[in-house]
Amino acid sequence: MRIPRIYHPYPLSEQSTIQLGEEAVGHIIRVLRLSMGHPIKLFCGDGYDYNAQIESVSKRQVTAKISQRESRLDAESPLSIHLGQVISRGDKMEFTIQKSIELGTTEITPLISQRCGVKLEPQRMAKKLNQWQKIALGACEQCGRAIVPTIHKTMSLEHWIIQQTDELKLNLHPLAPYTIKSIPEPKCKIRLLIGPEGGLNEDEIAKCSQSGFTEIQLGPRVLRTETAALTAISALQCQFGDLA
């Protein structure tokens, strides 16, 4: 039997009884239909799973008794990847965030470029950011990660590429001279840039190069933005991370 994993937004401790949050309660009652005595695993982003058992269930409240904690650091890749993804249309951005977290991405920054097809007012963008964070939590619940990746606030491509960092900077380009197999092993982290559906324009590509980004390609086919992101992360994890 697969034990459900549920995110709890506050610190957890062994041998304690807690009241679960509103979203967790709705998920347990209406989706999972769990009852008193059912085992669950809780996590709060500190790298541990907390084994627990449901003690009481009512229409609006669920309490659980935590017995012990266990480390989940083995679910984290040794390769730290910061994905800079130009925002894509519809549910493609949500798909990219969800799957890149399952593949081990540690940070994601949504970006705006010249050819970005999504233009939102600040209030709607804030709602999008909140939605993306929920998707990140759901991805962690599913894949077993107990450290929740950071979803940064949306920013312009120009500002993101000039940030001071010691990460190895990579930019996908179909005509690039290098592949993932030909780049040196990163000493610390990777900053991976994925452009929009229409690609970066020549000026943006030049600015990326001036900011220290190495252009790499994934093969002879031109991939859609969501395919490119997941393919690149998978290839990087195979080459330098924990995907066998």
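Further up the page is the structure itself.
Here the structure is a predicted model, which means the values were calculated and not measured.

Engineer: Now, about the packing of helix H2 (residues 92–102) against helix H3 (residues 122–143): what can you tell me, with residues and values included?
Structural biologist: Two numbers describe how H2 lies on H3: the axes approach to 9 Å, and their chain directions differ by 35°. Crossing of H2 against H3: the hand is right-handed. Packed against H2, whose contacting residues are Met 93, Glu 94, Ile 97, Gln 98, Ile 101 and Glu 102, the element H3 presents Lys 128, Gln 131, Trp 132, Ile 135, Ala 136, Ala 139, Cys 140, Gln 142 and Cys 143 at the interface. Across the contact of H2 with H3, the residue classes tally to nine nonpolar, three polar and three charged.

Engineer: Quick one: what's the story with the state of the cysteines, residue by residue and with numbers?
Structural biologist: According to the stated counting rule, one finds zero disulfides in the structure shown. Left without a disulfide partner, Cys 140 is nearest to the cysteine sulfur of Cys 143, which lies 5.5 Å away. The class for Cys 140 is buried, based on a relative accessible area of 0%.

Engineer: Break down the pairing of strand S6 (residues 80–86) for me, citing the residues and quoting the values.
Structural biologist: S6 sits mainly inside the fold: seven of its seven residues count as buried. Sheet topology places S6 next to strand S12 (residues 189–194); six bridges connect them, and they run parallel. Of the residues in S12, the one forming a bridge with Ile 81 is Ile 190. Where S6 meets strand S7 (residues 107–112), five bridges bridge the pair, whose relative direction is parallel. Of the residues in S7, the one forming a bridge with Gln 85 is Pro 110. For the handedness criterion, the β-α-β arrangement of S6, H2 and S7 is classed as right-handed.

Engineer: Let's hear about the environment of Pro 39: which residues, and what values?
Structural biologist: Looking at where Pro 39 falls in the secondary structure, it is placed in strand S3 (residues 39–43). In this structure, the C-alpha to C-alpha distance between Pro 39 and Ile 54, residues 15 residues apart in sequence, is 6.4 Å.

Engineer: Before we move on, could you go through unusual backbone geometry and cite the residues and values that matter?
Structural biologist: In this structure, Gln 15 takes a positive phi of about 55° despite not being glycine. On the secondary structure map, Gln 15 appears in the loop between strand S1 (5–7) and strand S2 (17–19). Judged by its relative accessible area of 54%, Gln 15 is exposed. The backbone of Arg 33 shows a phi angle near 55°, a positive value even though the residue is not glycine. Checked against the element boundaries, Arg 33 lands in the loop between helix H1 (22–32) and S3. Judged by its relative accessible area of 67%, Arg 33 falls in the exposed class.

Conventions adopted
- Residue numbers here run from 1 along each chain, matching the order of that chain's written sequence.
- In view of the model being predicted, local features appear only for residues whose pLDDT reaches at least 70, and side-chain atom pairs are presented and counted only at 80 or more, with totals across whole chains, interfaces and linings using the full set of residues.
- Water and hydrogen atoms were dropped before computing side-chain values, which therefore reflect all heavy atoms in the structure.
- Axis geometry follows a simple rule: fit a line to the C-alpha atoms, using only the stretch in contact for helices, then measure angles between N-to-C directions, giving values from 0 to 180 degrees.
- The secondary structure listing takes helices from DSSP runs of H or I that are at least 4 residues long and strands from runs of E that are at least 2 residues long, numbered from the N terminus.
- Left-handed describes a crossing in which the near helix is turned anticlockwise from the far one by less than a right angle; the clockwise case is right-handed.
- Contact definition: two residues touch when any of their heavy atoms are within 4.5 Å.
- Classification convention: Asp, Glu, Lys, Arg as charged; Ala, Val, Leu, Ile, Met, Phe, Trp, Tyr, Cys, Pro as nonpolar; all other residues, Gly among them, as polar.
- Count a disulfide wherever a pair of cysteine sulfur atoms falls within 2.5 Å.
- Only protein chains enter the calculation, and the probe is 1.4 Å; a residue is then buried if its accessible area is under 20% of its type maximum, exposed if over 50%, and partly exposed in between.
- Two strands pair if DSSP finds at least two bridges between them.
- Looking down the strands as they point away from you, a crossover is right-handed if its path from the first strand over the helix to the second goes clockwise.

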